[in-house]
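Notes for the structure review
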Amino acid sequence: FTRLTHAFTNRISDSASTLCRCVLGDTHCRVNLATYRLYGTITKVVDARTFEISALNGNAKLYQGGEIMITGGAAAGQSSEVRQGSGSQVSLYVPLTTTPAVGDAVRLTRGCDRTRKTCKEVFRNLLNFQGEPDLPGTDVMLAPGVSANG
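Computed from a prediction, not measured in an experiment: that's the story for all the values here. (Residues numbered from 1 in each chain as written. Predicted model: local features only at pLDDT ≥ 70, side-chain atom pairs only at ≥ 80, totals over all residues. Heavy atoms only, no water.)

**Description of the overall build of the chain**
- Secondary structure summary: the chain contains 3 helices and 6 strands in total.
- Shown N-terminal to C-terminal, the secondary structure of the chain runs as helices and strands in the order α-β-β-β-β-β-β-α-α.
- In the chain, which comprises 150 residues, the proportion classed as buried is 28%.
- Put simply, of all contacts in the chain between residues at least 6 apart along the chain, 64% involve residues at least 24 apart.
- Entry remark: accessible area of the chain is about 9700 Å², with carbon and sulfur atoms responsible for 51%. (Helix = DSSP H or I, 4+ residues; strand = E, 2+ residues; numbered from the N terminus. Buried < 20%, exposed > 50% of the residue type's maximum accessible area, 1.4 Å probe, protein only. Contact = heavy atoms within 4.5 Å. Areas by Shrake-Rupley, 256 points an atom, 1.4 Å probe, with all protein chains shown as cover.)

See below:
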């Protein structure tokens, strides 16, 4: 004996999400990351996780959720995820093991908030979007409704 509500809780697929399950640039996403990279130098070190970058020109917010890779200086080869961007300054979730210095070269890769709108409007990649933002949740499916008998 199976209850009707069990049909709504059974797993239908591996996962469903309103946000894209891809990682920007992976084999499912297929965005060419080279197109969304910016190269510059560190112009100010605020602390071990916060830096000002020359090439950002006030566009640091575009790199939130993206990656910074130090490509020159004592910290070369280290990378971390960008937590926040404002103006020409980025802050990292985790500080690098070696703090970079003013003048060190960096490579920034743009971030993705994994929404359908960003996939379509920013990356022009809607065909490879791996989310289901229009799929109703179980709260909608189990809500009382009008019966077929009136």
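**Describing empty space enclosed by the protein**
- Evaluated as defined, the whole model comprises 1 cavity of 30 Å³ or more.
- Counted as a void, the largest cavity has a volume near 90 Å³.
- As for the largest cavity, its lining consists of 13 residues, and the residues nearest its centre are Cys-20, Leu-24, Cys-29, Cys-112 and Cys-119.
- Taken together, the residues of the lining of the largest cavity sort by class into 9 nonpolar, 3 polar and 1 charged. (1 Å grid on protein atoms, 1.4 Å probe; cavity = no way out; pocket = protein on both sides within 12 Å on 5 of 7 lines; lining within 4 Å. Points joined across faces, edges and corners; volume = space filled by probe spheres on them. Nonpolar A, V, L, I, M, F, W, Y, C, P; charged D, E, K, R; others polar.)

**Some thoughts on the environment of Cys-22**
- By the secondary structure assignment, Cys-22 is in the loop between α1 (4-9) and β1 (37-47).
- When the C-alpha atoms of Cys-22 and Asn-128 are compared, they prove to be 8.9 Å apart, with 106 residues separating the residues in sequence.
- With sequence-adjacent residues up to four places away left out, Cys-22 is seen in contact with His-28, Cys-29, Arg-114, Asn-128 and Gln-130.

**As for the environment of Leu-19**
- Position of Leu-19 among the secondary structure elements: in the loop between α1 and β1.
- The exposure class of Leu-19 is partly exposed, given its relative accessible area of 31%.
- C-alpha separation for the pair Leu-19 and Arg-116, spaced 97 residues apart in sequence, amounts to 7.3 Å.
- Setting aside its immediate chain neighbours within four residues, Leu-19 contacts Asp-113, Arg-114, Thr-115, Phe-129, Gln-130 and Gly-131.

**Structural notes on the sheet that holds strand β4 (residues 79-86)**
- Sheet architecture is closed into a barrel: 6 strands sit in the order β1-β2-β5-β4-β3-β6, paired in antiparallel fashion. On average, each strand axis in the sheet is inclined to that of its neighbour by 45°, with strand direction left out of account. (Pairing = 2+ DSSP bridges. Axes fitted to C-alpha atoms, helices over the stretch in contact; angles between N-to-C directions.)

Everything listed is a geometric property; what it means functionally is a separate question.
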